[in-house]
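# Results of the structural survey
As a plain string of letters, each chain reads:
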Amino acid sequence: MGDIFSRLKSGEAIHMQNEPEYHEVAHKEMARCRQLCFRINSTFPENDILWELENKLFVEKLPKTSFLTAPFQVDYACQMEIGEHVFTNHDLTVMSAGGVTLEDNVMIGPGATILTVNHDFSDTQILLCKPVHIKKGAWIGAKSIIMPGVTIGEGSVVGSGAIVTHDVPDHVVVVGSPARVLKKLV
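Residue positions are counted from 1 within each chain, in the order its sequence is given. In keeping with the predicted nature of the model, local features appear solely for residues at pLDDT of at least 70, side-chain atom pairs appear and are counted solely at 80 or more, and the whole-chain, interface and lining totals rest on all residues. Hydrogen atoms and water are omitted, and side-chain values are computed over all heavy atoms in the structure.

## Some remarks on the pairing of strand E11 (residues 123–129)
The test is simple: Here, any two strands with at least 2 DSSP bridges between them count as paired. Each helix corresponds to a stretch of at least 4 residues labelled H or I by DSSP, and each strand to a stretch of at least 2 residues labelled E; elements are numbered beginning at the N terminus.
As defined by bridge partners, strand E1 (residues 14–15) adjoins E11 across two bridges and the pair is classed as antiparallel. Across the sheet, residue isoleucine 14 finds its bridge partner in E11, namely leucine 127. Both strand E10 (residues 117–120) and E11 contribute to a ladder of four bridges, which runs antiparallel. Note that in E11 the partner of asparagine 118 across the bridge is leucine 128. Here E10 folds back onto E11, and the loop between the two strands holds two residues.

And the structure:
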């Protein structure tokens, strides 16, 4: 039995009401992230303090070359790994309890959503998490939704408004709901 964040990443079913560590540890991280997101989202654009606040949000692991455009909302920033030269446009929403990896040179368009959390259909108080992995050089289009457990392949493009429910191969364009391969890029 590891810490609550390892347990969430592993996909262990966590009952939100009956798990003391969820309340004691995870809720504190969520509150920390809400407060920092509020500060970031309220800070004057182009201010040097923005990157420092974002780095604090991501527990001092944000590369100097990466930037998230405010406003955005992240619930468990400690569950995210962000590579070099990552850029996200405004209105990103990330529910990252299950873990999110954004490799180098990932670009994410405005209004995108990344989800790692679902609930058990028989008891919605039970969290079921699966990690999301977006590989090097992938581009996620505006208002796309990436569902729990999905890996986006290296150099792939997710078209605007796509709902990605399954893994995406390397170097393809996917569109639609649910997303399907439109064409290969290489």
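## Examining the sheet that holds strand E3 (residues 72–74)
One open sheet holds the five strands; their spatial order is E3-E6-E9-E14-E17, and the pairing between them is parallel. With one partner strand each, in any of the chains shown, E3 and strand E17 (163–164) form the two edges of the open sheet. Two strands pair when backbone bridges link them, and strand E6 (residues 92–95) and strand E9 (residues 113–115) are joined in this way by three bridges, in the parallel orientation. Within E9, the residue paired with valine 94 across the bridge is isoleucine 114.

## A few points about the pattern of salt bridges
Oppositely charged side chains may form a pair once their charged atoms are brought near each other. Where we set the bar: Salt bridges are defined by distance alone: a side-chain nitrogen of Lys or Arg within 4 Å of a carboxyl oxygen of Asp or Glu. Buried, partly exposed and exposed residues are distinguished by accessible area as a fraction of the type maximum, computed with a 1.4 Å probe on protein chains only: under 20%, between the cut-offs, and over 50%, respectively.
Summed over the entire model, instances satisfying the criterion amount to four salt bridges. Residue glutamate 12 is joined to arginine 7 by a salt bridge in which the shortest nitrogen-to-oxygen separation is 2.8 Å. A relative accessible area of 31% means that glutamate 12 is categorised as partly exposed. Owing to a relative accessible area of 5%, arginine 7 belongs among the buried residues under this scheme.

## Quick look at the packing of helix H2 (residues 20–41) against helix H3 (residues 49–57)
Rules: Axis geometry follows a simple rule: fit a line to the C-alpha atoms, using only the stretch in contact for helices, then measure angles between N-to-C directions, giving values from 0 to 180 degrees. For this classification, under 35 degrees means roughly parallel, over 145 means roughly antiparallel, 65 to 115 means roughly perpendicular, and everything else is oblique. Contact definition: two residues touch when any of their heavy atoms are within 4.5 Å. Three classes are used: nonpolar for Ala, Val, Leu, Ile, Met, Phe, Trp, Tyr, Cys and Pro, charged for Asp, Glu, Lys and Arg, and polar for all others, with Gly counted as polar.
At their nearest, the axes of H2 and H3 sit 10 Å apart, and the two run at 170° to each other. As judged from the angle between their axes, H2 and H3 are roughly antiparallel. Contact residues: Arg32, Cys33, Leu36, Cys37, Arg39 and Ile40 in H2; Leu50, Leu53, Glu54, Lys56 and Leu57 in H3. Residue composition of the contact of H2 with H3, by class: seven nonpolar, no polar and four charged.

## Overview of the sheet that holds E1
With antiparallel pairing, the three strands of this open sheet are ordered in space as E1-E11-E10. Edge strands, defined here as strands with exactly one partner in the open sheet, are E1 and E10.

## What about unusual backbone geometry?
Cis geometry marks the peptide bond from alanine 70 to proline 71, where omega comes out at 0°. With respect to the helices, strands and loops of the structure, proline 71 is situated in the loop between strand E2 (67–68) and E3. Note that the residue after serine 177, namely proline 178, is joined by a cis bond; omega there is -5°. Looking at the element boundaries, proline 178 is found in the loop between strand E18 (172–175) and strand E19 (180–184). In this structure, histidine 85 takes a positive phi of about 60° despite not being glycine. One can find histidine 85 in the loop between strand E4 (80–82) and strand E5 (87–88).

## Focus on the packing of aromatic side chains
The geometry of an aromatic ring pair is captured by two quantities: the separation of the ring centres and the angle between the planes. Here is the rule we go by: For Phe, Tyr and Trp, rings pair up if their centres lie within 6.5 Å, where Trp contributes its six-membered ring, and each pair is then called stacked (planes under 30 degrees apart), edge-to-face (over 60) or tilted (otherwise).
One pass over the structure, following the stated rule, counts one aromatic pair. Seen in terms of ring centroids, phenylalanine 5 and tyrosine 76 are 5.9 Å apart; in terms of plane orientation they differ by 65°. Their pairing is edge-to-face. Remark: tyrosine 76 occurs in the loop between E3 and E4 and phenylalanine 5 occurs in helix H1 (residues 4–10); sequence separation between them is 71 residues. For phenylalanine 5, a relative accessible area of 14% gives the class buried.

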